[in-house]
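Listed here are the chains, written in short residue letters.
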Amino acid sequence: MSESAPISETETLPSAAQKVRTYGDPVLRKPVRQVTDPSSLQALVAEMWEVMYAANGVGLAAPQIGVSQQVAVLLKLSDNEQEPPQELVLVNPRLLEASSETELMEEGCLSFPGIYLTVARPRRVVVEFWDLDGNHQQVEAEGFFAREFLHEIDHLGGRLIIDRAERAALEEKRPEIEVLRRETRQRLKAQGQAKPKSAKVQRRQAP
Ligand code: ZN
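Conventions we followed
- Residues numbered from 1 in each chain as written.
- Predicted model: local features only at pLDDT ≥ 70, side-chain atom pairs only at ≥ 80, totals over all residues.
- Pairing = 2+ DSSP bridges.
- Helix = DSSP H or I, 4+ residues; strand = E, 2+ residues; numbered from the N terminus.
- Expected span 1.5 Å × (residues − 1).
- Bend = angle between axes of the 7 residues up to and from the residue.
- Buried ≥ 20, exposed ≤ 12 C-beta atoms within 10 Å, placed from the backbone.
- Axes fitted to C-alpha atoms, helices over the stretch in contact; angles between N-to-C directions.
- Contact = placed C-beta atoms within 7 Å.
- Core = buried A, V, L, I, M, F, W, Y, C linked by C-beta atoms within 7 Å.

Asker: Got a minute to help me understand the pairing of strand 3 (residues 86-98) in this structure?
Answerer: One face of the sheet, then the other: side chains in a regular strand alternate in exactly this way. Bridge count for strand 2 (residues 71-76) against strand 3 is 6 bridges, and the pairing is antiparallel. Pairing of Val 73 across the sheet is with Val 89, part of strand 3. Here 5 bridges tie strand 3 to strand 6 (residues 124-130), and the two strands are oriented antiparallel to one another. Each bridged residue has a counterpart across the sheet, and for Arg 94 the counterpart in strand 6 is Glu 128.

Structure representation (structure tokens):
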């Protein structure tokens, strides 16, 4: 998830940020596996933090770097600007309760760089998840913090902001979204052509 204004075009993104899979990449819609051993995720989570910070995000789900596992990271921002944000790792997160009262807000996503959409979300939620040590956590969240959980849990269900956005906002941004989808597809196609034949095929041909 992204919160602040997009990076200006003159600024180039650091290479870690380029690992973010963008809309049009089928991995964002792929079913995601439950995690059975959270302690095995250290390296993956370290990479997710690196990519999220490099892309100036406030949250990132594993499918956004091409990994189909129930893992997300997010920052709990403080109202007090002096206080640093708190880092949370969500393993197998699940929504337990959501208020019927909703809130409209402009929402961004690292997989839709520079595109912001108005999305209605429950104002308050209760979520559960496991941390990297395998401890069960239950958290009540409100406002933007609640939205962050909902956004990342959506990713782990293959759902994206375009599935939730208000229709008028979506129609307005549709041309940009379509350009992004086409660019992503073209890039994937070019990468696929550059790759050698799969290892499996090569092994079968070996004596
Ligand atoms: Zn997102």
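Asker: What exactly am I supposed to notice about helix 4 (residues 167-194) here?
Answerer: A turn of α-helix holds 3.6 residues, and therefore any two residues three or four places apart point the same way. Its 28 residues give helix 4 an end-to-end C-alpha distance of 38 Å, which sits within 8% of 40 Å, the value for a rise of 1.5 Å per residue. Where helix 4 bends most, the angle comes to about 55°, and this point is Arg 174, followed within four residues by the proline Pro 175. Of all the 28 residues making up helix 4, 1 are buried; the element is thus mostly uncovered.

Asker: Before we go on, may I ask you to explain the sheet that holds strand 6 in this structure?
Answerer: Note on sheets: strands pair through backbone hydrogen bonds, and any given pair is parallel or antiparallel. One open sheet holds the 5 strands; their spatial order is 1-2-3-6-7, and the pairing between them is antiparallel. The open sheet has two free edges, formed respectively by strand 1 (59-61) and strand 7 (136-142), since each of these has just one partner strand. Taking each pair of neighbouring strands and ignoring which way they run, the sheet shows an average axis angle of 40°. Contacts from helix 1 (residues 42-54) reach strand 1, strand 2 and strand 3, with the element oriented near 50° to strand 2.

Asker: Any chance you could explain the environment of Arg 33 here in plain terms?
Answerer: The residue Arg 33 is located in the segment before helix 1 in this model. Separated by 36 residues in the primary sequence, Arg 33 and Gln 69 place their C-alpha atoms 4.7 Å from one another. Ignoring anything within four residues of it in the chain, the contact list for Arg 33 reads Ser 68, Gln 69 and Gln 70.

Asker: Before we go on, may I ask you to explain the nonpolar core in this structure?
Answerer: Nonpolar side chains in soluble globular proteins tend to end up buried together. Of all hydrophobic cores here, the largest spans 37 residues; its most connected members are Leu 60, Ala 72, Val 73, Leu 74 and Leu 90. Mapped by element, the contributors of at least two residues to this core are helix 1, strand 1, strand 2, strand 3, strand 5 (116-122), strand 6 and helix 2 (143-156). Other than its neighbours up to four places away in sequence, Ala 72 contacts Gly 59, Leu 60, Ala 61, Ala 62, Leu 90, Pro 93, Glu 152, His 155 and Leu 156.

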